[in-house]
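# Observations on the three-dimensional arrangement
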Amino acid sequence: MLHLLATALLSIAALAPEARALAVPSPQAPLSRRDNLDQIVLPGFPHPNPTVSYWQDPPHRIANLRTTPELPTSEVFDYVVVGSGISGAAVAFKLLSRDPSLSILMLEARTAASAASGRNGGHCKPGDWKEVKDWVELYGEDEALRLGKMEQDCVDDVRDFVRTHNVSSGWQDVETADVYWTKKAFDEAVEIKQFQDELEKRRPNDGPWSNKRTVYAGQAARDYWKWPQILGAVAYTSHTQNPYLTVCALLEQSLDKGLNLQTTTIALSIDKVSNRSDAGAKWEVKTDRGTVKGKQVVLTTNSYTNALHPGLASTGFLVPQRNQVAAVHPSKDTSNNTVFRRSHSYPDLHSGNNYIAIRAPGDIGAGDVILGGSTKFSPTRERNITDDSVINPDIADDLHGVGRVVFGYENWGESTTVVKDWTGIICNTPDGFPVVGGLPNEEGLWASVCMNGHGMAWAFRSAEALVQMMAVGETPSWLPKSFDINRAWNYTAEA
Ligand SMILES: Cc1cc2nc3c(=O)[nH]c(=O)nc-3n(C[C@H](O)[C@H](O)[C@H](O)COP(=O)(O)OP(=O)(O)OC[C@H]3O[C@@H](n4cnc5c(N)ncnc54)[C@H](O)[C@@H]3O)c2cc1C
């Protein structure tokens, strides 16, 4: 059925722009008027006219790159990678770092790194470790430790990449905290910290122990963290960055090694090659610009995977969700205030689960406060939406006001300047973990997708694991079993 749709879309793609817009209406009702809608909108695929994120201004020099002006339809590539976010960029980088002779073609529906990776909140933070108690209960101690270590190692790997390659993406090592207003939530956080400490004593070689957590309670928390109304905070090390620039730098590393990047080229369907004599090609990918061939194909399509792979879509395991971010600026001079050198998340109160990163002195936009979250202000929680061409005004209202509330008058001053609002699409699974591995019964078709809104802390290492599977034929022992792609089908069986 979806296949027929893709074929129909191929012919629609040949129509004039105005006719295309009429032929395939947007799958989601816009929340505000969409201007300049002159391009095709394919249900579930990346929207052609997204909001522009704070990070994408100005666009990177490779934003519109087509390494070769024509789509290379006659070549058979060792790998065709679909998607140029951190997942696709890391897969190409790691493949070419192992073997620079590989031929790799990357297809990107929009401009380079223009989906979640180019429009997130700017945090690279090992914050899911606070789930460790639940992980132990659900999956056992060994797996819980693997998950925690993978998260920390992944964050450290991204940091090392940025440092080794002198990437100018405003990377900062910052103190971060999960901050609490309610006694119940803070007591639970303290209990989890004690649980982590006991685990570290028993398993000193197995967990993410390099990143120490410090608890601040009551007045000590308010004095130290300088948010006036909190009951406690758990502080540790995190990072902030312009994620768009980091991912474009990752892509540039591969471009130097021969990656062929084709932006504004939508993969519409993927099929097994019928004639195997075609220089080893196993798969062909139909795009709006022609059909390309690969020995292996890698999906790094995150929240848009369902549209491209009917099998994965049929499991119901991958659920897109729109997320929204605002960049705002406090009225007070914050340049000498330590609280604006940190990053923050607050998972309790009636807060909307906000996360906050701040542009450091010397960065473009120094002192701008980047706030994400607040999806609870949408009745649908923005689930099953893949349209990032509009913003939700209710969420924007909350994001614009909340900085003043949490930082307090003394820190923030009297008013707020709104710098930018934007949206992006994340992909969630019911268990909260990415989907990594070979597609069952589809030899040579692979995926590292659905990063559950935490891709800066999951994707780089997921790519590393996938590359080992593809290149060596082995799954690394450090990869959590919870990431296994096959569970998507088990979920369908249980549902
Ligand atoms: C608003 C927002 C805030 C976030 N904040 C944070 C944060 O602070 N910290 C954090 O760790 N994570 C955050 N995330 C999540 C994080 O950005 C993602 O998990 C991560 O970027 C996913 O990377 P990816 O490469 O897997 O997917 P993406 O970056 O989404 O890349 C997928 C790419 O595939 C392309 N594609 C898809 N389908 C096709 C097709 N058919 N043909 C061609 N190309 C296709 C897309 O255009 C896209 O470029 C946030 C996400 C959003 C949206």
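Our subject is the structure that appears above.
Not measured: the values here are computed from a predicted model.

## Observations concerning the overall build of the chain
Check the secondary structure of the chain and you find 14 helices and 17 strands. Over its C-alpha atoms the chain spans a radius of gyration of 22 Å, differing by no more than 12% from the 23 Å that the globule rule assigns to 495 residues. Counting contacts in the chain only where the partners sit at least 6 residues apart, residues at least 24 apart contribute 75% of the total. Here the chain has roughly 20000 Å² of accessible surface; of this, 51% comes from carbon and sulfur atoms.

## Observations concerning unusual backbone geometry
In this chain, Asp57 is followed by Pro58 through a cis amide linkage whose omega measures 10°. With respect to the helices and strands, Pro58 occurs in the loop between helix H2 (17–23) and strand E1 (76–82). Within the chain, Cys450 stands out as a residue other than glycine whose phi angle is a positive 65°. Cys450 sits in the buried class, given a relative accessible area of 0%.

## With respect to the site of the ligand
Ser87, Glu108, Ser117, His123 and Ala267 are the nearest of the 39 residues found near the ligand. One nitrogen or oxygen atom from the side chain of Glu108 is found 2.6 Å from an oxygen atom belonging to the ligand. Between the ligand and Asn120, the relevant distance is 3.0 Å, taken from an oxygen atom to a side-chain nitrogen or oxygen of the residue. Calculation on the ligand without its partners gives an accessible area of 1000 Å², and the protein chains cover 98% of this total. Those elements that place two or more of their residues in the shell around the ligand are helix H3 (86–98), strand E11 (319–330), strand E15 (416–428) and helix H13 (455–472). When the residues that make up the shell around the ligand are grouped by side-chain class, the tally is 19 nonpolar, 18 polar and two charged.

## Things to note about the packing of helix H4 (residues 132–139) against helix H6 (residues 183–202)
Close contact between H4 and H6 brings their axes to 9 Å; oriented N to C, the two are set at 65°. Together, Val132, Lys133 and Val136 of H4 and Glu191, Ile192, Phe195, Gln196 and Leu199 of H6 make up the contact between the two elements. By residue class, the composition of the contact of H4 with H6 is five nonpolar, one polar and two charged.

## Some words on the nonpolar core
In terms of nonpolar packing, the biggest core is built from 68 residues, with Val91 and Met470 touching the most fellow members. Examining the composition of this core, we find that 11 residues originate from one element, H13, more than from any other. Ignoring anything within four residues of it in the chain, the contact list for Val91 reads Val81, Val298, Thr300, Ala463, Leu466, Val467 and Met470. In terms of nonpolar packing, the next biggest core, distinct from the first, is built from 33 residues, Leu105, Leu299, Cys450 and Ala488 among them.

## Thoughts on the environment of Ala113
For Ala113, the location among the structural elements is in the loop between strand E2 (104–107) and strand E3 (123–124). Once the C-alpha coordinates of Ala113 and Val319 are considered, the two residues, 206 residues apart in sequence, prove to be 21 Å apart. Discounting chain neighbours no more than four positions away, the residues touching Ala113 are Ser84, Gly118, Tyr244, Val247 and Cys248.

## Considering the pattern of salt bridges
The tally for this structure, following the rule as stated, stands at 28 salt bridges. Put simply, Arg203 and Glu141 hold a salt bridge, and the shortest N to O gap is 3.0 Å. Within this pair, whereas Arg203 is found in the loop between H6 and strand E5 (214–217), its partner Glu141 is found in helix H5 (residues 141–164), the two being separated by 62 residues in sequence. Of the charged contacts, one joins Arg461 and Asp157 as a salt bridge, the two residues approaching to 2.8 Å between their closest N and O atoms. On the criterion of sequence distance, the pair formed by Arg461 in helix H13 and Asp157 in helix H5 is long-range, its members being 304 residues apart. The same class applies to Arg461 as to Asp157, namely buried. Salt bridges sharing common partners tie together Glu141, Asp142, Arg202, Arg203 and Asp206.

## Digging into the side chain of His344
Along the polypeptide, His344 turns up in strand E12 (residues 343–346). Looking at His344, its side chain comes within polar contact range of the side chain of Trp225, at 2.9 Å. With sequence-adjacent residues up to four places away left out, His344 is seen in contact with His123, Lys125, Thr176, Ala177, Trp225, Trp227, Val339, Asn354, Tyr355, Ile356, Ile358 and Phe407.

## Description of the packing of aromatic side chains
Evaluated as defined, the whole model comprises 22 aromatic pairs. Between Phe407 and Trp412 the ring centres are 5.4 Å apart and the planes differ by 45°, which places this aromatic pair in the tilted class. Comparing Phe407 with Trp412, the two get one shared label, buried. Here the basic side chain of Arg213 rests over the ring of Tyr236, its NZ or CZ set 4.0 Å away from the ring centre. Of note, Arg342 hangs over the ring of Tyr224, and the distance from its end group to the ring centre comes to 4.6 Å.

## Structural notes on the pairing of strand E13 (residues 354–358)
Most of E13 sits inside the fold, with four of its five residues counted as buried. Relative to strand E14 (residues 369–372), E13 is paired through four bridges, and the arrangement is antiparallel. Bridge pairing links Ala357 to Ile370 in E14.

## Focus: the state of the cysteines
This model, assessed by the stated rule, comprises one disulfide. Covalent S-S linkage joins Cys427 and Cys450, the inter-sulfur distance amounting to 2.0 Å. The sign of the -85° torsion about the S-S bond sets the Cys427-Cys450 disulfide as left-handed. Residue Cys427 is found in strand E15, and its partner Cys450 is found in the loop between strand E17 (445–449) and H13; the two are separated by 23 residues along the sequence. Overall, the relative accessible area of 1% leaves Cys427 in the buried class. Cys248 takes part in no disulfide bond, and the closest cysteine sulfur to it belongs to Cys124, at a distance of 16 Å. Given a relative accessible area of 0%, Cys248 falls into the buried group.

## Digging into helix H11 (residues 393–407)
The terminal C-alpha atoms of H11 lie 22 Å apart, and with 15 residues this matches the ideal 21 Å at 1.5 Å per residue to within 8%. The axis of H11 is deflected most strongly, by about 35°, at Gly401. Along H11, the positions that sit buried rather than exposed are Ile395, Ala396, Asp398, Leu399, His400, Val402, Gly403, Val406 and Phe407. For H11, the secondary structure elements touched by its buried residues are E11, E12, E13, E14, helix H12 (409–412) and E15. Two or three places before Asp394, at the start of H11, stands the capping residue Asn392, its side-chain oxygen 2.9 Å from that residue's backbone nitrogen. The first or second residue beyond H11 is Gly408, which carries a positive phi of 85°.

Here is what the cut-offs are and how they apply
- Residues numbered from 1 in each chain as written.
- Predicted model: local features only at pLDDT ≥ 70, side-chain atom pairs only at ≥ 80, totals over all residues.
- Heavy atoms only, no water.
- Helix = DSSP H or I, 4+ residues; strand = E, 2+ residues; numbered from the N terminus.
- Rg over C-alpha atoms; globule rule 2.2 N^0.38 Å.
- Contact = heavy atoms within 4.5 Å.
- Areas by Shrake-Rupley, 256 points an atom, 1.4 Å probe, with all protein chains shown as cover.
- Buried < 20%, exposed > 50% of the residue type's maximum accessible area, 1.4 Å probe, protein only.
- Near = heavy atom within 4 Å.
- Polar contact = N/O pair within 3.5 Å; in protein donor to acceptor, adjacent residues only side chain to side chain.
- Nonpolar A, V, L, I, M, F, W, Y, C, P; charged D, E, K, R; others polar.
- Axes fitted to C-alpha atoms, helices over the stretch in contact; angles between N-to-C directions.
- Core = buried A, V, L, I, M, F, W, Y, C linked by side-chain atoms within 4.5 Å.
- Salt bridge = Lys/Arg side-chain N within 4 Å of Asp/Glu carboxyl O.
- Phe/Tyr/Trp six-rings, centres within 6.5 Å; stacked < 30°, edge-to-face > 60°.
- Lys NZ or Arg CZ within 6 Å of the ring centre and 35° of its normal.
- Pairing = 2+ DSSP bridges.
- Disulfide = S-S within 2.5 Å.
- Expected span 1.5 Å × (residues − 1).
- Bend = angle between axes of the 7 residues up to and from the residue.

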